[in-house]
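Here's the letter readout for the chains.
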Amino acid sequence: MCDISFIIISYNSADTIGPCIDSIMSMQSGLSKEIIVIDNNSQDDSASVIREKYPHVKLIGNNKNIGFAAANNQALSLCAGRYLFFINPDARIRSHSIKEFIAYMEKHPEIGLSGCRIINPDNSHQWSVSDHYPGARHTTTELRELSGSIACVLGAGMLAPAGLIKKVGGFDEDFFLYGEDQDLCIRIRKLGHEIGYYDNFTIAHIGGHSERNTDFSVILKRKISAEYLFYKKHYHPDTIRKIARSNLLQARWRILTIKMFLPFTADRRKSVYKLKKYKIVYTTAKQIISRQPTIK
């Protein structure tokens, strides 16, 4: 047993995971800690970097990319910490106050999971906390009775009691990448706990590093699929249909206007990107509407 387990899911992170681990090890908190890395079959030297430079790190190397959610669950069975800190490999801890972060959690037992302050590498603010879920404006009764005012926090840096994460069943492995943090937060709230935010603990996060060589259309399809999976799990069928119709109408209008002004735009590349984006949104929404039953 130790005080805190740091969980890192690595995929093609050879140039960032070293500084991430260094930032964890440099914290002089007086707490016992461990670092667990699950490498999702990286095609670079991620695993060998860890083996050679960080022999104290618990490393599991998968022979295929099983996804972010499943890899986190894989780490849960190895954790000895009372608390779990989920951190992305392209993030670096900028604070030495992890002991105070845990004290904040223990002072507020109603909080089941907490995010922290996240900044960009240039020290500018990065979005990390939200008071609503995607598509929430279309809901009716689905989100009533949820505890607290924070809907979700960014999964790049989250602290939670190990017992609660295991009680809730960890991450939903139907989420391959994207949306799993929102889903975990809402399931914790459904158990009667709140989501917290601790501003005195800071990490710097690059963001999207593991997907930097992935085509944007693949990334967008993953994000949209994750959103509709979230809707399917937590929203009524009629609500999902409303969301899909709204997305369809918006995408149709945006496609029309982008095509209209494309010959006159100064940044043609940006417009073409948006056009491709809304075509994917339109196609996905149309498919959802055709499959979604209407509940009377």
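Below: a short report on this structure.

Scoring rules and cut-offs
- Residues numbered from 1 in each chain as written.
- Predicted model: local features only at pLDDT ≥ 70, side-chain atom pairs only at ≥ 80, totals over all residues.
- Heavy atoms only, no water.
- Helix = DSSP H or I, 4+ residues; strand = E, 2+ residues; numbered from the N terminus.
- Rg over C-alpha atoms; globule rule 2.2 N^0.38 Å.
- Buried < 20%, exposed > 50% of the residue type's maximum accessible area, 1.4 Å probe, protein only.
- Contact = heavy atoms within 4.5 Å.
- Areas by Shrake-Rupley, 256 points an atom, 1.4 Å probe, with all protein chains shown as cover.
- Lys, Arg positive; Asp, Glu negative; His and termini not counted.
- Charge placed at Lys NZ, Arg CZ, Asp CG, Glu CD.
- Pairing = 2+ DSSP bridges.
- Axes fitted to C-alpha atoms, helices over the stretch in contact; angles between N-to-C directions.

## Digging into the overall build of the protein chain
And step 1. Per the secondary structure count, the protein chain includes nine helices and 10 strands.
And step 2. Its C-alpha radius of gyration of 20 Å places the protein chain within 12% of the 19 Å reference for a compact globule of 296 residues.
And step 3. Principal-axis analysis of the C-alpha atoms places the extent of the protein chain at approximately 60 × 45 × 35 Å.
And step 4. The burial tally for the protein chain puts 53% of its 296 residues in the buried class.
And step 5. Counted over contacts in the protein chain with a minimum sequence separation of 6, partners at least 24 positions apart contribute 78%.
And step 6. Of the roughly 14,600 Å² that the protein chain leaves accessible, carbon and sulfur atoms contribute 51%.
And step 7. Both charge centroids of the protein chain, one from 40 positive and one from 29 negative side chains, sit 9 Å from each other.

## Structural notes on the sheet that holds strand β2 (residues 33-39)
And step 1. The eight strands lie next to each other as β3-β2-β1-β4-β9-β6-β10-β5, forming an open sheet whose pairing is mixed. One side of each edge strand has no neighbouring strand; the edge strands of this open sheet are β3 (58-61) and β5 (91-93). Adjacent strand axes in the sheet meet at a mean angle of 30° when their direction is disregarded.
And step 2. Note: strand β6 (residues 111-119) against strand β9 (residues 157-161), two bridges, orientation antiparallel. Paired with G115 across the two strands is M158, which belongs to β9.
And step 3. Sitting on the sheet, helix α4 (residues 98-107) is in contact with β1 (2-10), β4 (81-87), β6, β9 and β10 (194-205), with an inclination near 145° to β6.
And step 4. Lying on the sheet, helix α6 (residues 180-190) is in contact with β6, β9 and β10; it crosses β6 at an angle near 145°.

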